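Below, each chain spelled out in residue letters.
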Amino acid sequence: MSPALARMALVLGVLLVWEAFSRFTSVSPILIAPPSEVLWQIVRIVSTHGSVPDFYSNLWVTLAELLAAYAVTASLGVLVGFLFAGSKLIGDAFEPVLLVLYAIPKIILYPLIVLVLGIGMFPKIVFGVMVGIFVVIFNTAAGLRQVEPTYISLARSLGYGKWKIFFSVVIPAAAPTILAGLRLGFGYTILGIITAELLVVNAGLGFLIDWASFNYYTPQLYALIIITLCIGVIGNGLFSVLERRWVR
Amino acid sequence: MAVIEVKAVSKTYHDPASGRETRTLENVSLSAADNDFLVLLGPSGCGKSTLLNIVAGLVPHDERGGEVLVHSRRVTGPNPKRMAYMFQDPVLYPWRTVLKNVEFGLEAQRIAKQERRARAMKYLQMVGLESFADYYPRQLSGGMCQRVALCRALALETDIVLMDEPFGALDEQSRIILGDELVEIWRKVRRTIVFVTHSLTEAVYLGQRIVVFTARPGRIKAEIRNDLSRPRSIGTPEFNRMIDTLWSHLKEESLLALEREKSTREQVVLPKE
């Protein structure tokens, strides 16, 4: 049996037990929705025939926030990581500060962000960046620092100059760690965005999830959670493709 | 005619943290002729690898006095058109295939793609790895990786090849086999080889001229010609006599180095090699 088959079998088994459990026991349907019902809800929501209001405009809000936040997380995170690894002074001066910031739960700052920036998309983007950027910075800096010194001596002995060494040795050598940071940073950014939407509830998938939960629309709630998860899964899949292409 | 000339070269390492100085080479002079197979043999920490790095232009020597000439030109930095350098570790880039690793040095010299490929394949064939050209280093054994590194050095087609304990990390059997291959290649394509080792057997097995170093600071203790006929075999009476001769020079130096390592372990300032 292949691992993929084993995985499928397990998932299918869980779904079957879940279905039977929710149909043949007296557990309240407010707590557990049967998978078949959830699947049907997903279809209805995506085809805008369901009871979920303005699904696509809310999805778009979340995606726009996510894309904006991740663009900043990835570009600024990699840039700062390069600065930290490139300059000992900058690294020694500011990395400890960031490590402290990384350790505190960012969520306690969110009320402050809302107070200053309001309740639109912007504060959610800012919060997404705050949650996602650290791992990108640290992985980038670590990846660059961990390049084997012999890799560089070798290129030097073969007549490579500073810039050529940077592009043909340092970058490919650090790429796996940097990409891993970008992948983790993506997951954290989603987490930040959805958390922000659940705390200040006015738009986005977080808003819809809160709406379904508040009104006890349990199948819709399950369906929306799964749709939200799909964003993460699709993003992760894209990174897997990138890693297969670039990283050896 | 001398291809490499080392004249009165000294090297001192400074440790900026403690301000201590360690003299690793003291007034060393030697030369290597065309098609020489020169072995530098010495106790650990005697500066033989440092000397090789200085010749390669990877490390500067002390400014006072000495100089290093390669083809009568002062060495100021790495010169891959004249000298190939082989490290103790294979240092293959894991993101490049075997072929691309061998081509890496040629890419720096902007050699056309077809010419690169042809040269790389020629040397891969010489060490019997042509069918592994599209493999990645992690799919190869240690000995195979070191063969690829050898190809990368030879593919530069320089007349000088500098080797810093290139087979030091291999098991004894692979060492002997790779040594045989190296001698075979050296006889086929005329090159000047400078080979650093701390193995007496390897020195006698490979070397045509063997330079024995003293313990730190490294000076030249003896220079011995090794005219044993090739292919050489380990353990013959002549072979053992050669080893005895080398050992008679080396023994007290090794003891001295060992003693010093024990007594001043934490005071020694040596670069990572």
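Just so it is clear, the structure is predicted and the values come from calculations on it, not from any experiment.

(A) Highlighting the overall build of chain A. Regarding its fold elements, chain A presents 10 helices and 0 strands. Counting from the amino terminus, helix and strand elements in chain A follow one another as α-α-α-α-α-α-α-α-α-α. Against the compact-globule benchmark of 18 Å for 248 residues, chain A has a radius of gyration of 22 Å, which places it well outside the compact range. Scored against the burial criterion, the 248 residues of chain A give a buried share of 40%. Pairs at least 24 apart in sequence give 73% of the contacts found in chain A among residues at least 6 apart. Surface accessibility of chain A: about 13,700 Å² in total, with carbon and sulfur atoms responsible for 75%.

(B) Representation of the sheet that holds strand β1 (residues 2-14) of chain B. Residues and elements named next belong to chain B. The strand order across the open sheet built from 4 strands is β2-β1-β4-β5, with neighbouring strands paired in antiparallel fashion. The outermost strands of the open sheet, each flanked by one partner alone, are β2 (21-33) and β5 (73-74). The pairing of β1 with β2 spans 9 bridges and is antiparallel. What sits directly across from Val-9, in β2, is Val-28. Strands β1, β2 and β4 (67-70) of the sheet are contacted by helix α1 (residues 48-56), whose axis makes an angle of about 120 degrees with β1.

(C) Structural detail: the interface of chain A and chain B. Taken together, the contact between chain A and chain B spans 15 residues of the former and 18 residues of the latter. When chain A packs against chain B, close to 1,700 Å² is buried across both sides, 68% of that on carbon and sulfur atoms. Between the two partners, chain A and chain B, sit 0 salt bridges. Elements that contribute at least two residues to the side of chain A that touches chain B include exactly α7 (149-157) and α8 (162-199) of chain A. With 7 residues, the top contributor of residues to the side of chain A that touches chain B is α7(A). Tallied by class, residues from the side of chain A that touches chain B come to 8 nonpolar, 5 polar and 2 charged.

(D) Structural detail: the sheet that holds strand β10 (residues 220-225) of chain B. Residue and element names in this part refer to chain B. Read from one edge to the other, the open sheet built from 6 strands follows the order β6-β7-β8-β3-β9-β10, with strand pairing classed as mixed. Across the chains shown, the open sheet's two edge strands, defined by having one partner strand only, are β6 (83-86) and β10. Taking each pair of neighbouring strands and ignoring which way they run, the sheet shows an average axis angle of 15 degrees. Two elements, strand β7 (residues 160-164) and strand β8 (residues 192-197), share 5 bridges in a ladder whose sense is parallel. The residue of β8 that forms the bridge with Asp-164 is Val-196. Sheet strands in contact with α1 are β3 (37-41), β6, β7, β8 and β9 (209-213), and its direction is about 150 degrees off that of β7. Along the sheet, helix α5 (residues 172-188) contacts β3, β7 and β8; its crossing angle with β8, the most-contacted strand, is approximately 160 degrees.

(E) Seen up close, the packing of aromatic side chains. Residue and element names in this part refer to chain A. Inspection of every chain in the model, using the stated rule, returns 25 aromatic pairs over all chains. With a centroid separation of 6.3 Å and an interplanar angle of 25 degrees, the aromatic rings of Trp-163 and Phe-167 are classed as stacked. Here Trp-163 pairs with Phe-167, and both are found in helix α8, just 4 residues apart, close to one helical turn. The exposure classification of Trp-163 matches that of Phe-167, with both residues exposed.

(F) Representation of unusual backbone geometry within the structure. Residues and elements named next belong to chain B. Pro-217 follows Arg-216 through a cis peptide bond whose omega is -5 degrees. Within the fold, Pro-217 resides in the loop between β9 and β10. Note that the residue after Arg-230, namely Pro-231, is joined by a cis bond; omega there is -5 degrees. Relative to the helices and strands, Pro-231 resides in the loop between β10 and α7 (237-263).

(G) Local environment of the pattern of salt bridges. Residue and element names in this part refer to chain B. A complete count under the given rule lists 24 salt bridges over all chains for this structure. Of the charged contacts, one joins Arg-23 and Glu-26 as a salt bridge, the two residues approaching to 2.8 Å between their closest N and O atoms. Judged by relative accessible area, which is 28%, Arg-23 ranks as partly exposed. Linking Arg-23 and Asp-62 is a salt bridge whose minimum nitrogen-to-oxygen distance equals 3.6 Å. Separated by 39 residues along the polypeptide, Arg-23 in strand β2 and Asp-62 in the loop between α1 and β4 bring together distant segments of the chain. When salt bridges with common partners are traced through the structure, they connect Arg-23, Glu-26, Asp-62 and Arg-64 into a single cluster.

(H) The packing of helix α9 (residues 205-214) of chain A against helix α10 (residues 218-246) of chain A, seen in detail. Residues and elements named next belong to chain A. Packing of α9 against α10 brings their axes to within 8 Å, and their N-to-C directions diverge by 160 degrees. Between α9 and α10, the angle falls in the class roughly antiparallel. You can see that α9 and α10 cross each other, and the crossing is left-handed. Contacts between α9 and α10 involve Leu-205, Leu-208, Ile-209, Ala-212 and Ser-213 on the former and, on the latter, Gln-220, Leu-221, Leu-224, Ile-225, Thr-228 and Ile-231. Partitioned by chemical class, the residues of the contact of α9 with α10 number 8 nonpolar, 3 polar and no charged.

(I) Molecular detail of a nonpolar patch on the surface. All names here are of chain A. Judged by side-chain polarity, Phe-21, Val-27, Ile-30, Leu-31 and Tyr-216 come together as a nonpolar surface patch covering roughly 500 Å² of accessible area. Tracing the backbone shows Ile-30 in the loop between α1 (3-24) and α2 (35-46). For Ile-30, a relative accessible area of 43% corresponds to the partly exposed category.

Conventions adopted
- Every chain is numbered on its own, with residues counted from 1 as its sequence reads.
- To read the labels, note that chains go from A and ligands from 1, taken in the order they are written.
- The predicted origin of the model limits local features to residues at a pLDDT of at least 70 and limits the giving and counting of side-chain atom pairs to 80 or more, whereas totals for whole chains, interfaces and linings rest on all residues.
- The side-chain figures draw on all heavy atoms in the structure; neither hydrogens nor water molecules are used.
- Working definition: helices are DSSP H or I runs of at least four residues, strands are E runs of at least two. Numbering for both runs from the N terminus.
- All radius of gyration figures rest on C-alpha atoms, and the globule criterion is 2.2 Å times the number of residues raised to 0.38.
- Exposure categories follow from relative accessible area, calculated using a 1.4 Å probe and restricted to protein chains: below 20% of the type maximum is buried, above 50% is exposed, and the middle band is partly exposed.
- Two residues qualify as a contact provided that any one of their heavy atoms is within 4.5 Å of a heavy atom in the partner residue.
- For accessible areas, the Shrake-Rupley method is used with a probe of radius 1.4 Å. Any residue's cover is judged against the shown protein chains and nothing else.
- Pairs of strands are assigned from DSSP output, requiring at least two bridges between the strands.
- Angles here are taken between N-to-C directions and fall from 0 to 180 degrees, while the axes themselves are lines fitted to C-alpha atoms, restricted in helices to the stretch in contact.
- Computed with a 1.4 Å rolling probe, the buried area is the accessible surface lost when two parts are put together, summed over both parts.
- Whenever a carboxyl oxygen of Asp or Glu lies within 4 Å of a side-chain nitrogen of Lys or Arg, that contact is scored as a salt bridge.
- Only Asp, Glu, Lys and Arg are considered charged, only Ala, Val, Leu, Ile, Met, Phe, Trp, Tyr, Cys and Pro nonpolar, and every remaining residue, Gly among them, polar.
- Between 30 and 60 degrees the pair is tilted, below 30 it is stacked and above 60 it is edge-to-face, where a pair is any two Phe, Tyr or Trp rings, Trp via its six-membered ring, whose centres lie within 6.5 Å.
- What sets the label is the angle itself: under 35 degrees gives roughly parallel, over 145 gives roughly antiparallel, 65 to 115 gives roughly perpendicular, and the rest give oblique.
- A crossing counts as left-handed when the near helix is turned anticlockwise from the far one by less than a right angle, and as right-handed when that turn is clockwise.
- Grouping into patches uses exposed residues only, defined as over 30% relative accessible area, and leaves out salt-bridged ones; the cut-off is 9 Å for like charges and 5 Å for nonpolar side chains (Val, Leu, Ile, Met, Phe, Trp, Tyr).

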